[in-house]
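A look at the structure
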Amino acid sequence: MNVLLLGSGGREHALGWKMSASPLLTKLYASPGNPGFGRVAELVKLDISDHSAVAAFCQEKKIDLVVVGPEAPLVAGIADDLRAWGIRVFGPSKAAARLEGSKGFTKDLCAKFNIPTAAYGRFSDLVSAKAYVEKTGAPIVIKADGLAAGKGVTIAMTLEEALAALEACFDGAFGAAGAEVVVEEYLTGEEASFFCLCDGATALPFGTAQDHKRVGDGDTGPNTGGMGAYSPAPVMTPEMTERSMREIIEPTMRGMANLGSPFAGILFAGLMITDQGPKLIEYNTRFGDPECQVLMMRLKDDLLVLLNAAVDGQLAHMSARWSDKAALTVVMAARGYPGTPEKGSVIRGLEEAASEGAEIFHAGTAINGGALVANGGRVLNVTATGATVGEAQKKAYAAVDRIDWPQGFCRRDIGWRAVEREKAGA
Ligand code: AMP
Ligand code: GLY
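Heads up: these notes are all about the structure in this document. Being a predicted model, the structure only gives us computed values, none of them experimental. (Residues numbered from 1 in each chain as written. Chains lettered and ligands numbered in written order. Predicted model: local features only at pLDDT ≥ 70, side-chain atom pairs only at ≥ 80, totals over all residues. Heavy atoms only, no water.)

1. Examining the sheet that holds strand β6 (residues 120–123)
A sheet is described by the order of its strands in space; here 4 strands give the open sequence β6-β9-β7-β8, paired in antiparallel fashion. What marks the edges here is a single partner per strand, and that holds for β6 and β8 (153–156). Across this sheet, the average inter-strand angle for adjacent strands is 15 degrees, counted without regard to direction. Relative to strand β9 (residues 181–185), strand β7 (residues 140–144) runs antiparallel, the two sharing 5 bridges. By the bridge assignment, Ile142 is partnered in β9 with Val183. Contacts between helix α7 (residues 126–136) and the sheet are confined to β6, β7 and β9, with β6 contributing the most and set at about 160 degrees to the helix. Against the sheet, helix α8 (residues 159–170) contacts β6, β7, β8 and β9, and its axis sits at roughly 5 degrees relative to β7. (Pairing = 2+ DSSP bridges. Helix = DSSP H or I, 4+ residues; strand = E, 2+ residues; numbered from the N terminus. Axes fitted to C-alpha atoms, helices over the stretch in contact; angles between N-to-C directions. Contact = heavy atoms within 4.5 Å.)

Pasting the structure below:
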């Protein structure tokens, strides 16, 4: 098969790395990709927002499958447009991608189909949103409805913070994404990322992970896209997974079909495991980044076979097998992230790092004058496996320490929760 992979981050590098192990693969193209793809893919320059240009490329190169990494093209309807040209696409339709593209849509779906989630209100004007917040009190959570690059959520511990967040949203801090606001109950518990591969009717559990959203050690500092992850998430026991499927994922699949927009692609449920059980925080309609990197390290089966089954509505006949090992990834970011990252600093020592037994996925790199340089906020994902999270952590940091990049930084405590649990259990 010829495959076109869209996206440029560590998530896409991990997907390309895993697909390149498939005997089904003839040729992999990636757009825009990144230098880490190296020998596994040919990088092509396409304007991903120009769906007919992408379709024309697919026809010219006889592409058998397009795999869409990030959410923005999905929400913009790339899957629908390519399918209209007869091209097979892994990724949800525009209507199904509303699960990520509109938080209000998802909350209403939860209300309609009895899916456990935080209590909420949807508002399109400041006055009624303020009245709701004043009545409910803090702590409370304010969310811009649309895609805001992970920045549209405020966890307000005081009423003042909540009111300021509402004002910022309606003042246009998130552009059109904030024209509508979801206000919701503050949930407490442990968070987990739960993935399901979906074909419109069937959802196949596809791994669990735990992300580290804050930039600093000890979960301090501003939120980021994710500074590291490990898989599996210990809190997702078989019982919790079964409950999440029955109470959250399966009603979502039925609900979406019922609304005429069946979900096919990867459904990424952000869950809060509360005293009352799993509650949905949010959906994403794509793999997580960096969660995908740890999932791909543990997936034993052929990813292309599974993605094809999802596209062809054949998941009811499939299973996915996972390594018993734990996988852990440390994100190395450029100084300045999550604000404006410094670009262009030279990175050395990747071969030495890989010799520690780690897989190094590139997230934001470029080649400049023959040297590998930083070209984004999150730059490298240093990923390793081990019998325990603790062992994977040791291996990943041993590799991190071999990387010669003074302008980069990372958290030193990725996996701490699981490692503490392992120590307590030992
Ligand atoms: P989201 O972009 O919706 O994933 O939100 C970003 C982060 O905010 C989540 O990963 C949670 O840590 C936190 N969060 C979102 N909604 C809630 C909620 N209702 N209660 C507590 N924390 C939340
Ligand atoms: N790491 C969180 C996300 O991909 O949304």
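2. Some points on the site of ligand 2
Within the structure, ligand 2 sits among Asp211, Gly225, Phe268, Asn284, Arg286, Gly288, Asp289, Pro290 and Glu291. In the environment of ligand 2, a nitrogen atom lies 2.8 Å from a nitrogen or oxygen atom belonging to the side chain of Asp211. Between ligand 2 and the protein, one listed contact pairs a nitrogen atom with a side-chain N or O atom of Glu291 at 2.9 Å. Residues belonging to the shell around ligand 2 are distributed by class as follows: 2 nonpolar, 3 polar and 4 charged. (Near = heavy atom within 4 Å. Polar contact = N/O pair within 3.5 Å; in protein donor to acceptor, adjacent residues only side chain to side chain. Nonpolar A, V, L, I, M, F, W, Y, C, P; charged D, E, K, R; others polar.)

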